[in-house]
Amino acid sequence: MFRHIKPGDHLTVALSGGVDSVVLLHILVTLSREMPLTLSAVHVNHGISSNATHWSKFCCHLCHAYGVSIYIAYLKIKKEKGESLEARAREERYRVFNQIQANYVVLAQHLDDQAETLLLQLFRGAGIKGLCGMPLVRKQSSIAAPQILRPLLEISRDEIEAYGRLNKLNWINDESNDSIIFNRNFLRHDILPLLKKRYPNYPKTLLRASRHFSETLSLLDELAVIDNGHCVVSGNIQVNHIRHLSFARAKNLLRYKLLQQGVTPPSTVKLETILHQILSAGADSQPYISFGNTEIRCYKGSIYILPSKTFLQSSEHYVWNGEAHIVLSHFNGTIRFTEVKNQGISQNKISTELITIRSRKGGERFMPACNRPRRSLKNLLQEASIPPWKRNTIPLMFYGEKLIWVPSIGVDCEFQVKSDELGILPVWDPM
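Residues numbered from 1 in each chain as written. Predicted model: local features only at pLDDT ≥ 70, side-chain atom pairs only at ≥ 80, totals over all residues. Heavy atoms only, no water.

1. Considerations on the side chain of Asn185
Stated precisely, the cut-off is as follows: Each helix is a run of H or I in the DSSP string that is no shorter than four residues. Each strand is a run of E no shorter than two, and both are numbered from the N terminus. Only protein chains enter the accessibility calculation, which uses a 1.4 Å probe; a residue is then buried when its area is under 20% of its type maximum, exposed when over 50%, and partly exposed in between. For the purposes of these results, a polar contact is taken to be a pair of N or O atoms within 3.5 Å, where, inside protein, one atom must be able to donate a hydrogen and its partner to accept one; residues adjacent in sequence count only when each atom of the pair is a side-chain atom. Contact definition: two residues touch when any of their heavy atoms are within 4.5 Å.
If you trace the backbone, Asn185 turns up in helix α7 (residues 183–198). Classification of Asn185 as buried rests on a relative accessible area of 4%. Polar contacts involving the side chain of Asn185 include one to the main-chain carbonyl oxygen of Ser179, which spans 3.0 Å. Leaving out residues up to four positions away in the same chain, Asn185 has contacts with Ser176, Asn177, Asp178, Ser179, Ile180 and Asp190.

2. Brief notes about the pairing of strand β2 (residues 38–45)
Note the following rule: Criterion used throughout: strands pair if DSSP finds at least two bridges between them. Throughout, right-handed denotes a crossover for which the path from the first strand over the helix to the second runs clockwise when the strands point away from the viewer.
Across the eight residues of β2, seven count as buried, placing the element largely inside the fold. Here strand β1 (residues 10–14) runs beside β2; their pairing, made up of five bridges, is parallel. Of the residues in β2, the one forming a bridge with Val13 is Ala41. At this point the chain moves from β1, through helix α1 (residues 19–32), to the parallel β2, and the crossover so formed is right-handed. By the bridge criterion, six bridges tie β2 to strand β3 (residues 69–74) in an arrangement that is parallel. Residue pairing across strands places Ala41 opposite Ile70, the latter belonging to β3. Crossover handedness for the path β2 to helix α2 (residues 52–66) to β3: right-handed.

3. As for the sheet that holds β2
Stated precisely, the cut-off is as follows: Orientation is described by axes fitted as lines to C-alpha atoms, over the contacting stretch for helices, and by angles from 0 to 180 degrees between their N-to-C directions.
Strands sit in the order β3-β2-β1-β4-β6-β5 across an open sheet of six strands; the sheet is mixed. Of all the strands in the sheet, just β3 and β5 (137–138) have a single pairing partner and so form its edges. For β1 and strand β4 (residues 104–106), the ladder comprises three bridges, and the chain directions are parallel. Note on β4: the bridge partner recorded for Val13 is Val106. Together, β2 and β3 form the strand contacts of α2, whose direction differs from that of β2 by roughly 170 degrees. Contacts from helix α3 (residues 85–98) reach β1, β2, β3, β4, β5 and β6 (147–149), with the element oriented near 150 degrees to β2.

4. Re the environment of Asp420
Relative to the elements of secondary structure, Asp420 occurs in the loop between β21 (410–411) and β22 (422–430). When its relative accessible area of 56% is taken as the criterion, Asp420 is described as exposed.

5. With respect to unusual backbone geometry
One non-glycine residue, Lys168, lies in positive phi territory at about 55 degrees. Look at Lys168 and you get exposed, because its relative accessible area is 71%. We note that Lys300 has phi near 50 degrees; this positive angle belongs to a residue other than glycine. Along the chain, Lys300 turns up in the loop between β10 (294–299) and β11 (302–307).

6. A word on helix α11 (residues 268–280)
What counts is decided by this rule: To estimate the expected span of a helix, subtract one from its residue number and multiply by 1.5 Å. Arc definition: it is the arc formed by the directions from the helix axis to the C-beta atoms.
Relative to the 18 Å expected for 13 residues at 1.5 Å per residue, α11 spans 18 Å between its end C-alpha atoms, a close match to the ideal helical length. Along α11, the positions that sit buried rather than exposed are Leu271, Ile274, Leu275 and Ile278. Viewed along the axis of α11, the buried residues span an arc of 95 degrees, placing them on a single side of the element. When the buried face of α11 is taken as reference, the exposed residues oriented beyond 90 degrees from it are Val269 and Ser280. The secondary structure elements touched by the buried residues of α11 are α9 (239–242), α10 (247–260), β9 (288–291), β10 and β11.

7. Quick notes on the nonpolar core
Using the following cut-off: To form a nonpolar core, buried Ala, Val, Leu, Ile, Met, Phe, Trp, Tyr and Cys residues must be joined to one another through side-chain atoms within 4.5 Å.
Of all hydrophobic cores here, the largest spans 30 residues; its most connected members are Leu11, Leu15, Leu24, Leu25, Leu28, Leu39 and Val106. Listed by contribution, the elements that provide at least two residues to this core are β1, α1, β2, α2 and β4. Considering each element in turn, this core owes the most residues, nine residues, to α1. Setting aside residues up to four positions removed in sequence, Val106 forms contacts with Leu11, Thr12, Val13, Ala14, Leu24, Leu28, Leu149 and Pro151. In terms of nonpolar packing, the next biggest core, distinct from the first, is built from 23 residues, Val232, Ala250, Tyr256 and Leu275 among them.

8. Points about the state of the cysteines
Selection rule: Cysteine sulfur atoms that pair up within 2.5 Å are treated as a disulfide.
Tallying each qualifying case throughout the model produces one disulfide. Between Cys370 and Cys413 runs a disulfide, and the two sulfur atoms are separated by 2.0 Å. Here the S-S torsion is close to 115 degrees, and the disulfide linking Cys370 with Cys413 is therefore right-handed. Taken together, the residues span a long stretch of sequence, with Cys370 in the loop between β17 (365–366) and β18 (375–376) and Cys413 in the loop between β21 and β22 at a distance of 43 residues. For Cys413, a relative accessible area of 17% gives the class buried. Among the cysteines around Cys60, which has no disulfide bond, Cys59 carries the closest sulfur, lying 7.1 Å off. Between Cys63, a cysteine without a disulfide, and Cys59, which holds the nearest cysteine sulfur, the sulfur-to-sulfur distance is 6.6 Å. The exposure class assigned to Cys63 is buried, which follows from its relative accessible area of 0%.

9. Section: the packing of helix α4 (residues 111–123) against helix α8 (residues 202–231)
The condition that has to hold: An angle below 35 degrees is read as roughly parallel, one above 145 as roughly antiparallel, one from 65 to 115 as roughly perpendicular, and any other as oblique. Crossings are classed by handedness, with left-handed meaning an anticlockwise turn of the near helix from the far one by less than a right angle and right-handed meaning a clockwise turn. Three classes are used, and their members are as follows: Ala, Val, Leu, Ile, Met, Phe, Trp, Tyr, Cys and Pro are nonpolar, Asp, Glu, Lys and Arg are charged, and the others, Gly among them, are polar.
Contact geometry for α4 and α8: axes closest at 9 Å, N-to-C directions at 60 degrees. As far as their axial angle goes, α8 and α4 are oblique. As for the relative orientation of α4 and α8, their crossing is left-handed in sense. Within the contact between the two elements, α4 uses Leu111, Asp112, Gln114, Ala115, Leu118 and Leu119 and α8 uses Tyr202, Pro203, Lys204, Leu206, Leu207, Ala209, Ser210 and Phe213. Looking at the contact of α4 with α8 residue by residue, the classes come out as 10 nonpolar, two polar and two charged.

10. Looking at the packing of aromatic side chains
Heads up, the rule is: Whether two aromatic rings pair depends on their centres lying within 6.5 Å, for rings of Phe, Tyr and Trp, where Trp uses its six-membered ring; planes under 30 degrees apart make the pair stacked, over 60 edge-to-face, and the rest tilted.
Under the criterion given, the structure shown has six aromatic pairs. Between Tyr299 and Trp389, the ring centres sit 6.3 Å apart and the planes meet at 85 degrees, which makes this aromatic pair edge-to-face. Residue Tyr299 is found in strand β10, and its partner Trp389 is found in helix α13 (residues 388–391); the two are separated by 90 residues along the sequence. Ring geometry for Tyr304 and Trp389: centres 5.0 Å apart, planes at 75 degrees, overall edge-to-face. Residue Tyr304 is found in strand β11, and its partner Trp389 is found in helix α13; the two are separated by 85 residues along the sequence. Per residue, the accessibility class of Tyr304 equals that of Trp389, and both read buried. Clustering of aromatic rings is evident, with ring pairs tying together Tyr299, Tyr304 and Trp389.

Scope: geometric values only; no functional claims are made or implied.
Structure representation (structure tokens):
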């Protein structure tokens, strides 16, 4: 059950004070006497119940008796209109868990919780990923965050309560667990007892079903990896390539790419709508779809998955005074300057005017090649295949009012170094 735990690991128990987490803490305290572990606890006080302060005190006293340190996180849950209080509280709990300094945050969710979760996901019309249930170990979104460990997923509620009574443990009862206003409690109190009369082993059966779904998800991911190899160029899905896939495979690949980039995919309906828009768009059109904090754009046959950004104001600018690098917070990146022979900007030609860095205003003209005429920056950016949404987020360097350098395009002819001259080479490093 604890095969993932190694000697020396730091485990933090998510302690609510209920029987499940009290039993889990007792088990881990016992284990820590046999294996060198750092053990601590975290209690999340949601501030919802009038008994919340009493529960926090109970958890503190319990941990003190075991000699285990405990952190109490006090929250004020504010749910938006139409949002579930349960979902909001869960989101806030995991935000706390993300910030814990440990190898694992250990949760006391058990076999019956797993069965309830699977049924709730079915009733919500969840996809394969949602029907996989809760994994034994789950990495959180942040690399620095502890992993989530659920060692009791194959242990029933009855077995946990029997352990608590056998070891004469004390715990608290959350009165909200009795309210069938909440969907999970409605299942637990009104539906599952009836189900158990006909199907006494339903929790184990549903656990087996969730493992089948997990296996299916693994196969879908393997298929997405294959399609990724055929349909992705320079990190972007190519529209012409996914046209050769079935709609279901194309949708599977798009979902896979979203998850790869840390984006929670939208609902199935929304995802299908996005894919239909992309596949039905003409060769010269540039579809733009936004959801959550993400936007999907198409340009020259490539699909771009991007974080939603606020476009720069043209008045924002920076002054360069010869530093080795300059951080451009509004552009979300850094320009680094190196001295290179036969490349870059001639130092002799930038000695008198102020050098500034700003975004486009429109109408700029530029001549990166001395054997070609000066042209509009707009046309040069188009020829360089820089997507339209990136053109206003590129930092441009000006000497006075003259545009002298553009990332990915080069230095204006008038300011380029001569043969054997040591030049300043700017390199744009976006974050």
